[in-house]
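Survey of secondary and tertiary structure
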Amino acid sequence: MKPADYRALEDRYALPLYPKRDVTLVRGSGALLYDAAGREYVDCAAGIGVANVGHCHPRVVAAINEQAQKLITCANVFYNDTRSRLLQVLVDVAADNLTRAFLCNSGAEAIEAALKFSRLHTHRPNFVTAMRGFHGRTMGAVSATFTKKYREPFEPLIPGFQYVPLNRIDRLDAAVDDQTAAVLLEPVQGEGGVNLADTEYLASARRLCDERGALLIFDEIQTGFCRTGRFFAYEHFDVAPDILVLAKAIAGGLPMGATLLRDGISVAPGQHGSTFGGNPLACAAALAAIDVMQQEHLADRAARSGEYFERKFRSRELPRVRELRRLGLMIGIELKEKVQPVLEALLAHGVLALPAGATVLRLLPPLVIEEAQLDRAVEALHAVLS
Ligand SMILES: *Cc1c(COP(=O)(O)O)cnc(C)c1O
């Protein structure tokens, strides 16, 4: 079949939910992707922050192959060798206070679990989340999501959600009370435009939650697994959550989510569950991916590559750029114009990137991206933006 035929099939048979870009990707390796005609692209999207270890990392591919020949599915009512090892590794890489994990299959599902466990533990109904926050598309996760166009068509949603401006301690102080089950925050907002939380703000959130008996949930679905230059973004701020929500890069590209809880948040058999959650295939991929992150020092590499990118990017005066915001290799370039035409121009220059709202260009390259590949991305950005 020709590239145009694949496009025609998707356009004909898929629900038209996504604004599509005119490229059919068929193969990837590291930070490079290839389309159906064989053209090479520098990937600064990583499948929306999923391919942190690079596309088709040989260690992840080998782990999937090996596990696929042993056992692919295993209900959670039975023990499993691979799952048991992943649970231990997840709790080991997270903050000391996080001691148990629930495994599921996506970010939204991991958020749902965090919301349910919070109500269960506190016996309180309400949640405080941030304006411009994004937490997923299921009914609970979308109730926690600020953007009206994601929420309003689906009302009535889950009641009890309140949205406060990020980094306004006074507004958080006014919102958290004795009916608040949890405060839910992204340490760096992804979809909302790469907005960084202040250290002081997160420390205040921690203090307010402790004082008022609410839980603090960090949504690190996008910021986790070395993206920001630390294994988890909260390490930059020295504030540990009661519940940590993970997904995207966790399993090297396979679908998986995880909700980690601190000691003392207890749940009982039957109160939550998942058929596919913790399946051995995804667990094997996650074990390999996390090992690659550690062996290849991807957190340090993200920190260094982020700095390298920023230095190169700023070497040219770009009047169409309002601001660059960044933590590690989570990069937001706020433009003085709409981002969509810029994304299309970048595609023509062989670079795949993402939007974050109407005017922010978001770059989430695989953390294994090489300097020469970052140079190609910067050259394309300079060409397109000057
Ligand atoms: C992607 C994302 C989600 C939703 O994850 P899905 O796997 O698409 O359900 C939630 N929160 C954040 C911060 C995300 O980046």
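Every residue gets a number counted from 1 within its own chain, in the order that chain's sequence is written. Side-chain atom pairs in this predicted model are given and counted only at pLDDT of 80 or more, local residue features only at pLDDT of at least 70, and totals for whole chains, interfaces and linings cover all residues. Here the side-chain values reflect all heavy atoms present in the structure, with hydrogen atoms and water set aside.

Observations concerning the sheet that holds strand β15 (residues 351-352)
This is how the line gets drawn: Whether two strands pair depends on DSSP finding at least two bridges between them. Only DSSP runs of H or I with at least four residues qualify as helices, and only runs of E with at least two residues qualify as strands; both kinds are numbered from the N terminus onward. Should any heavy atoms of two residues lie within 4.5 Å, those residues are counted as being in contact. Convention adopted: a line fitted to C-alpha atoms gives each axis, helices being fitted over their contacting stretch, and angles between N-to-C directions are expressed from 0 to 180 degrees.
Taken together, 4 strands build an open sheet; the order of strands is β1-β2-β3-β15 and the sheet is mixed. Looking at strand neighbours, the two that pair on one side only are β1 (25-29) and β15, the edges of this open sheet. Where β1 meets strand β2 (residues 32-35), 4 bridges bridge the pair, whose relative direction is antiparallel. Bridged to G28 within β2 is L33. Helix α14 (residues 371-385) rests against β2, β3 (40-43) and β15 of the sheet, and its axis sits at about 95 degrees to β3.

Some details on the sheet that holds strand β13 (residues 321-327)
By way of backbone hydrogen bonds, the strands of a sheet pair with one another, either parallel or antiparallel. Read from one edge to the other, the open sheet built from 4 strands follows the order β13-β14-β17-β16, with strand pairing classed as antiparallel. Each end of this open sheet is capped by a strand with a single partner; those strands are β13 and β16 (354-355). Across 6 bridges, the pairing between β13 and strand β14 (residues 330-335) is antiparallel. Of the residues in β14, the one forming a bridge with V321 is L335.

Let's talk about the site of the ligand
Stated precisely, the cut-off is as follows: A molecule or strand has a residue near it when one of that residue's heavy atoms lies within 4 Å. Identification of polar contacts relies on pairs of N or O atoms within 3.5 Å, with a donor-acceptor requirement for protein atoms, meaning one able to donate a hydrogen and the other able to accept it, and with residues adjacent in sequence counted only if both atoms are side-chain atoms. In these tables, accessible area is a Shrake-Rupley quantity obtained with a 1.4 Å probe, and a residue counts as shielded only by the protein chains included in the view. Under the grouping applied here, Gly and all other residues not named as nonpolar or charged are polar, the nonpolar ones being Ala, Val, Leu, Ile, Met, Phe, Trp, Tyr, Cys and Pro and the charged ones Asp, Glu, Lys and Arg.
Neighbouring residues of the ligand: S106, G107, A108, F134, H135, G136, E186, D219, I221, Q222 and K248. Here a nitrogen atom of the ligand sits 3.2 Å away from a polar atom, N or O, in the main chain of F134. A distance of 2.6 Å is found between an oxygen atom of the ligand and a side-chain nitrogen or oxygen belonging to K248. Burial of the ligand by the surrounding chains reaches 81%, relative to a free accessible area of 380 Å². Per-class residue counts for the shell around the ligand are 3 nonpolar, 5 polar and 3 charged.

With respect to the pattern of salt bridges
Operational definition: Definition used for salt bridges: Asp or Glu carboxyl oxygen within 4 Å of a side-chain nitrogen of Lys or Arg. Here the term buried applies to any residue with accessible area under 20% of the maximum for its type, exposed to any over 50%, and partly exposed to those in between, with areas from a 1.4 Å probe on protein chains only.
For the structure on display, the rule yields 18 salt bridges. The partner of R168 in a salt bridge is D170, with the nearest N and O atoms 3.0 Å apart. Here R168 falls in the partly exposed class, since its relative accessible area comes to 37%. Look at D170 and you get partly exposed, because its relative accessible area is 46%. K312 is the partner of D375 in a salt bridge, and the nearest nitrogen-oxygen pair spans 3.8 Å. Here K312 lies in helix α12 (residues 298-314) and D375 lies in helix α14, a separation of 63 residues in the sequence. Among the residues examined, K312 registers a relative accessible area of 31% and is labelled partly exposed. Each of the salt bridges in this network shares a partner with another, and the network as a whole consists of R206, D210, D242 and R262.

Quick look at the domain arrangement of the protein
As a reminder of what qualifies: What marks off one domain from the next here is an automatic or database domain assignment. What gets called buried area is simply the loss in accessible area from a 1.4 Å probe that two parts show on being joined, summed for both.
Under the domain assignment used here, the protein contains domain 1 (1-41), domain 2 (59-295) and domain 3 (298-362 + 375-386). Inter-centroid distance (C-alpha atoms) of domain 1 to domain 3 is 23 Å. Contact with domain 1, which involves 9 residues of that partner, is made by 12 residues of domain 3. A combined buried area of about 780 Å² lies between domain 1 and domain 3, and 54% of that area is made up of carbon and sulfur atoms. Among the residues domain 1 hides against domain 3, the three largest losses belong to R21, R39 and Y41. Together they make up 69% of the total. If you look at where domain 1 meets domain 3, you find 1 salt bridge. On inspection of domain 1 and its partner domain 3, the count reaches 3 residue pairs in polar contact (both at pLDDT 80 or more).

Some thoughts on the pairing of strand β12 (residues 257-262)
Counted residue by residue, β12 has 5 buried out of 6 residues, so it is predominantly covered. Bridge count between strand β4 (residues 98-104) and β12: 6 bridges; the pairing is antiparallel. Across the sheet, the residue bridging to F102 is T259, located in β12. Bridge count for strand β11 (residues 243-246) against β12 is 4 bridges, and the pairing is antiparallel. Paired with I243 across the two strands is L261, which belongs to β12.

Quick word on the layout of surface pockets
How we decide: Put plainly, a pocket is an open set of points on a 1 Å grid over the protein atoms alone with protein on both sides within 12 Å along at least five of seven lines, a cavity is a set where a 1.4 Å probe fits but cannot get out, and a lining residue has an atom within 4 Å of a point. Grid points are joined across faces, edges and corners, and a volume is the space filled by probe spheres set on the points.
By volume, the second largest pocket is sized at about 940 Å³. What lines the second largest pocket is a set of 30 residues, among which N76, L87, R100, A101 and F102 lie closest to the centre. Those elements that provide at least two residues to the lining of the second largest pocket are α4 (81-93), β4 and β12. Ranked by residues supplied to the lining of the second largest pocket, first place goes to β4 with 5 residues. Class assignment for the residues of the lining of the second largest pocket results in 14 nonpolar, 12 polar and 4 charged.

What to know about the packing of aromatic side chains
The following threshold applies: Ring pairs are drawn from Phe, Tyr and Trp, using the six-membered ring of Trp, whenever the two centres fall within 6.5 Å, and their geometry is named by plane angle: stacked under 30 degrees, edge-to-face over 60, tilted for the rest. A ring has a charge above it when a Lys NZ or an Arg CZ is no more than 6 Å from the ring centre and no more than 35 degrees off the ring normal.
Under the definition given, this model contains 9 aromatic pairs. For the pair F102 and F117, a centre-to-centre distance of 5.9 Å together with 90 degrees between the ring planes defines the contact as edge-to-face. Of this pair, F102 sits in strand β4 while F117 sits in helix α5 (residues 107-122), and the two are 15 residues apart along the sequence. Residues F102 and F117 agree in their burial class; the two are buried. Measuring from ring centre to ring centre gives 5.8 Å for F232 and Y234, while their planes differ by 15 degrees; the resulting arrangement is stacked. An aromatic cluster is built from F225, F231, F232 and Y234, whose rings are joined through pairwise contacts. Taking NZ or CZ as reference, R27 lies 4.2 Å from the ring centre of Y34, over its face. Its guanidinium or amino end placed over the ring of Y150, R137 lies 4.1 Å from that ring's centre, counting from NZ or CZ.

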